[in-house]
Amino acid sequence: MTFVQLIDCRTSHFDEMNRLMDTWVEQTKGRRTATHTTIAKDRGDASHFVEIVEFPSFEEAMRNSELPETDKIFREMVALCDEMPTFTDLDVVRDEQLYAHTARRFFETLAGSGELSALGDLVAEEYHDHDPANEQDAVGLDAMRQEVETWRGAFDLGFTIHEQIAQGDRVCTRWTWNGTHVGDFFGIAASGKRVTMTGTTIHRCAPDGRIAEGWWQYDRLGLMAQLGALDALEQ
């Protein structure tokens, strides 16, 4: 779960503090675990600043705190503050951009050749998959893995993401799929043909950022035509 720390401080030495932070960033390059940092100034109080620091998880934030440079910089920062800064630790329970990033990683994982155990970081155990091409929905992470293995066994595949729209806990992704037919696909023997298919997927994400449900729409008929499965019907 993504973790955010808010550092609230008052200082009349902001320029010095800013240079101090630049020093810390340089000294911890390659070892700090923060993924994004924002510093904001209070419009009503020029001495009031809030730093927003994002981490992949609380555990990664603790690793960051344990760096010797972090402790040194903190003590120097306190000396520049007009009063003791306050820290607020927050677990992120909703982040639309995080959900879009998770959906993109999901498609990258499907198209890769790596172990599907990686899906566990992206997909909830109780995942519910709605695919109109299947007689029954795939329910559960294991069922989703089996579905992916079916496609991987039939095609050397890849996805191109054209656009994503995130709203609330939903992410809509418009994609193009390309694959080489290298294995049996529902009774159609490997042909070596290069095929393509367009589609759209809507994902619903859980508060922890993982994908809990998916709805697919894609040109399955067009794919079957490219594989020659409709040739007999056209004669």
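Cut-offs and rules
Residues numbered from 1 in each chain as written. Predicted model: local features only at pLDDT ≥ 70, side-chain atom pairs only at ≥ 80, totals over all residues. Heavy atoms only, no water. Pairing = 2+ DSSP bridges. Helix = DSSP H or I, 4+ residues; strand = E, 2+ residues; numbered from the N terminus. Contact = heavy atoms within 4.5 Å. Axes fitted to C-alpha atoms, helices over the stretch in contact; angles between N-to-C directions. Salt bridge = Lys/Arg side-chain N within 4 Å of Asp/Glu carboxyl O. Buried < 20%, exposed > 50% of the residue type's maximum accessible area, 1.4 Å probe, protein only.

1. Some remarks on the sheet that holds strand β7 (residues 155–167)
Neighbouring strands of a sheet are bound in pairs by backbone hydrogen bonds; such pairs are parallel or else antiparallel.
Inference 1: An order of β6-β5-β10-β9-β8-β7 is seen for the 6 strands of this open sheet, with the pairing classed as mixed. The open sheet has two free edges, formed respectively by β6 (138–139) and β7, since each of these has just one partner strand.
Inference 2: Strand direction decides the pairing type here: β7 and strand β8 (residues 170–181), joined by 12 bridges, are antiparallel. The partner of D156 across the bridge, within β8, is T180.
Inference 3: Sheet strands in contact with helix α5 (residues 141–154) are β5 (123–130), β6, β7, β8, β9 (194–205) and β10 (211–218), and its direction is about 130 degrees off that of β7.

2. Details of the pattern of salt bridges
Inference 1: All chains considered together, the criterion is met by 10 salt bridges.
Inference 2: E83 is the partner of R10 in a salt bridge, and the nearest nitrogen-oxygen pair spans 4.0 Å. Linking R10 in strand β1 (residues 3–10) with E83 in the loop between α3 (68–80) and β4 (86–91), this pair joins segments that are 73 residues apart in sequence.
Inference 3: Given a relative accessible area of 28%, R10 falls into the partly exposed group.
Inference 4: For R31, the salt bridge is made with E69, and the minimal N-O distance between the two is 2.7 Å. With R31 in the loop between α1 (14–27) and β2 (36–41) and E69 in helix α3, the pair connects residues that are 38 residues apart, well separated along the chain.
Inference 5: Residue E69 is classed as buried on the basis of its relative accessible area of 17%.

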